[in-house]
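# Close look at the chain arrangement
Chain by chain, the residues:
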Amino acid sequence: MLPIEIRDVTLVYDTPGGKVPGVKNVSFNIGASEFICIVGPSGCGKSTLLNIIAGFLTPAAGEIRIGGKPVTGHGMDRGVVFQDFAQLFPWRTALGNVTFGLEMKGVAKAERETIAREQLRLVKLEKFTASYPHHLSGGMQQRVAIARALAYNPAVLLMDEPFAALDALTRDDMQRLLADVWRETRKTVIYVTHNVAEAVYLADRVIVMSPHPGTVKAEIKIDLPRPRDPLSVEFLECQKELLGYLGHNANANEPVN
Amino acid sequence: MTENGQRARSLIRAAITLAAAAAVYELLARSGYFAPALLPKLSVVVTTLIATLADGSMIQHSVYTLYRVMFGFGLAIAVGIPLGILMARFTAVENFFLPLVSALMPIPSFALVPLFMLWFGIGNLTTILIVFYAATFPMLFNTWSGVRSVNPIWLRAAGCMGADEHSLFWKVIIPGASPFIITGMRQSFLRAWIAVVGAEMIAASDWGLGWVIFDAKEFLNTDIMLAALVVIGGIGYLFERLVFGGIERATVLRWGMVRSAKG
């Protein structure tokens, strides 16, 4: 796994209404196998930053290095999971979706199917390899998306609010599952969310961003032992601290928008 | 309900609809208000149909017509799909072809038959080209819309996974646009089928279902005309239900990209 350096990254959106700052002078480092959550209110540039790391957007200034190599465009050292369930290819089965990246890499059919089955087992979908996405629930589709992003073995997993469109119970299950997957694979994960409890549950370190323009407001290390208990006093203390940075101190369980 | 059960039910429903239409026709034919030579009874039409099928003449005519349709339809697919994709992917291609397509599309294919007869003579070439003309535009337009409506997140996801232009095209854009492409093929075949009969009436000699109808008029053989219409309807129905319905069930319906009607 590779460390990531983010150096003075700035991006300005050119809209018909004028220039809108996206992110400004964002800098931080991510260690190998570290789980980073980026939280912040809408418009803080957290998704913009993730899109820059993914290579979908090119920053106006600054640079991002993964394992010392500067990022230009997207590459197979990164796997991306989006929020939208529609990200899966409806014309491919769960297995077919997961093998896609391996197919692009030129891995032989038998081998890529073995790898894909293993990835689907990791997200507990080994019984659904032959199912088409439209027969799977939202949570299952997102699990296929995670397996798909991991299958070609990228060093970094980028996740843009992957569970935001799920119901609360499913979301809890998915967070536990992702924590397990991370423990097994030791990928470097950059996870964007606006849900503070989710960030405290998953992250080694939380980057708090503030809007207009998007800048890093604080970096908070979460030093709780895993698996974490969302009802423990220490957990709630962490949430409170985070909410303090976000300008909220009332109900700690409410997601910040 | 099982898939076979549903299939059987839909066949029964179709049979009921067709039987009702036949009953209405038969009532009119037997009402005595119309000359039997103009409105023959169904039994007469069926006898003629069986006789012309048995002596092979109706089959021979159908084969001619089908040959022209499939040739023209094939050309329409070969031109419509690639051009539609290119128009959707490259602005320059769209800018060049869109005015041309917009100007040509509203011209009815029948209006071109006399001109094509002068250019290409009477027979297969003219009818095939008329079919081709009629069938290309729905194919082209649907493909063009389909490629433009491919969900950008699929392209993005495929790009992340290292897809090059070639894989993007064959493994994402074509399947992603498939609901539209299949709709295009359906509409295109329908237009082809309509155009061929018209073109054969004017520009075909001695063979083809359109020619049969036109020729039968000379001798007031309404039973032959109606028998030919039954064959035209039957072949069209088979293609629609079996060929295009089958393609749809095997692809976009199975993938959940389109849904069958509920209820």
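Above this text is the structure in question.
Residues numbered from 1 in each chain as written. Chains lettered and ligands numbered in written order. Predicted model: local features only at pLDDT ≥ 70, side-chain atom pairs only at ≥ 80, totals over all residues. Heavy atoms only, no water.

## Comments concerning the nonpolar core
When a protein is soluble and globular, its nonpolar side chains tend to lie buried together. All names here are of chain A. The condition that has to hold: Only buried residues count toward a nonpolar core. Its members are Ala, Val, Leu, Ile, Met, Phe, Trp, Tyr and Cys residues joined through side-chain atoms within 4.5 Å. Burial classes: relative accessible area under 20% of the type maximum marks a residue as buried, over 50% as exposed, and values in between as partly exposed (1.4 Å probe, protein chains only). An automatic or database domain assignment provides the domain bounds reported here. The criterion used for residue contact is that any of the two residues' heavy atoms lie within 4.5 Å.
By size, the foremost hydrophobic cluster in this structure holds 134 residues, and its most contacted members are Ile-6 and Leu-49. Each of domain 1 (1–77 + 155–257) and domain 2 (90–153) contributes no fewer than three residues to this core. Discounting chain neighbours no more than four positions away, the residues touching Ile-6 are Val-26, Ser-27, Phe-28, Asn-29, Ile-30, Leu-49, Ile-53, Glu-63 and Ile-64.

## Observations concerning the sheet that holds strand E5 (residues 69–70) of chain A
Residues and elements named next belong to chain A. As a reminder, the rule being used: For two strands to pair, DSSP has to find at least two bridges joining them. Each helix is a run of H or I in the DSSP string that is no shorter than four residues. Each strand is a run of E no shorter than two, and both are numbered from the N terminus.
Spatial ordering of the open sheet is given by E2-E1-E4-E5, a layout of four strands whose pairing is antiparallel. Edge strands, defined here as strands with exactly one partner in the open sheet, are strand E2 (18–30) and E5. Taken together, the five bridges between strand E1 (residues 4–15) and strand E4 (residues 61–66) define a ladder with antiparallel strand orientation. Bridge pairing in E4 links Glu-5 to Arg-65.

## Comments concerning the interface of chain A and chain B
Inclusion rule: Buried area is a sum: the accessible area each of two parts loses on coming together, probed at 1.4 Å, counted once for each and added. By definition here, a salt bridge exists when the distance from a side-chain nitrogen of Lys or Arg to a carboxyl oxygen of Asp or Glu is within 4 Å. Gly counts as polar in this scheme, as do all residues outside two lists: the nonpolar Ala, Val, Leu, Ile, Met, Phe, Trp, Tyr, Cys and Pro, and the charged Asp, Glu, Lys and Arg.
Contact residues are listed per partner, giving 24 residues for chain A and 21 residues for chain B. Of the roughly 2000 Å² buried between chain A and chain B, counting both surfaces, carbon and sulfur atoms make up 70%. Counting across the chain A and chain B interface gives one salt bridge. Its salt-bridge partner being A:Glu103, residue B:Lys171 comes within 2.7 Å of it at the nearest N-O pair. Taken together, the elements giving at least two residues each to the side of chain A that touches chain B come down to strand E6 (78–81) and helix H2 (94–105) of chain A. Residue composition of the side of chain A that touches chain B, grouped by class: 13 nonpolar, six polar and five charged.

## A closer look at unusual backbone geometry
Residue and element names in this part refer to chain A. Of the consecutive residues His-212 and Pro-213, the connecting peptide bond is found in the cis state with omega at -10°. Tracing the backbone through its elements, the reader meets Pro-213 in the loop between strand E9 (205–210) and strand E10 (215–221). For the bond from Arg-226 to Pro-227, the omega torsion is -5°, close enough to zero to count as cis. Notably, Asn-25 is not glycine yet its phi reads approximately 50°, a positive angle. Mapped onto the elements, Asn-25 comes out in strand E2. Phi at Arg-186 is positive, roughly 55°, even though this residue is not glycine. Turning to its location among the elements, Arg-186 is positioned in the loop between helix H5 (168–185) and strand E8 (188–193).

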